[in-house]
Amino acid sequence: MGALVTLELPAGSPQLDLPWIITFGPLDDEEEWEPVVCGPYERAHALALAQHVVADEDLMAVVEPLLPATSIEQIRGEISVAQRLAAEAADEIDDVLDDDAEDEHDHDHDHEDEDGHAALEPPTEAELKAAFARISARLTA
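Residues numbered from 1 in each chain as written. Predicted model: local features only at pLDDT ≥ 70, side-chain atom pairs only at ≥ 80, totals over all residues. Heavy atoms only, no water.

> What is the right way to read the sheet that holds strand β3 (residues 36-41) from this model?
The pairing of strands in a sheet comes from backbone hydrogen bonds and takes either a parallel or an antiparallel form. Strand order in the open sheet made by the four strands is β1-β4-β2-β3, with mixed pairing throughout. Whereas interior strands pair on both sides, the edge strands pair on one side only; in this sheet they are β1 (3-6) and β3. Strand-to-strand twist in this sheet, taken as the mean axis angle between neighbours without regard to direction, amounts to 20 degrees. (Pairing = 2+ DSSP bridges. Helix = DSSP H or I, 4+ residues; strand = E, 2+ residues; numbered from the N terminus. Axes fitted to C-alpha atoms, helices over the stretch in contact; angles between N-to-C directions.)

> Explain the pattern of salt bridges to me, please; I cannot follow it from the model alone.
Oppositely charged side chains can pair when the atoms bearing their charge come close. Scanning all chains against the criterion turns up one salt bridge. Here E125 ties to K129 by a salt bridge, and the two come within 2.9 Å at their closest N and O atoms. Highlighted residues: E125 and K129, both in helix α4 (residues 125-140), separated by four residues, approximately one helical turn. With relative accessibility at 40%, the residue E125 sits in the partly exposed group. We classify K129 as partly exposed; its relative accessible area is 45%. (Salt bridge = Lys/Arg side-chain N within 4 Å of Asp/Glu carboxyl O. Buried < 20%, exposed > 50% of the residue type's maximum accessible area, 1.4 Å probe, protein only.)

Okay, structure coming up:
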């Protein structure tokens, strides 16, 4: 029997209405294979699918909301929140606050990656929303 991991959210949480994904991976640390990501689904469907797949297999399924972020600032904000929550849970909030103070600098980045390839410009909110619509159309075709 496998394991299912998900967020316990209060009723009315806005995350409940987001699309959800399932990441299936090995339950045992000794197994090594690339995780399989499936979705997007509504939360109830994702949970049901994950429960049935791991019921008879030694797999781990992580069911989590898929955040349709539309800006770099929103992504950085979500990462920051997740990092702070992890630090609080690990009782390391002082270290995180020190790192945050050091990281408050200009976010200009090189326009080439380490291999010399031109860096891609981040998509605009309108481009991302148009892509969401295209993805939705492909999923429902």
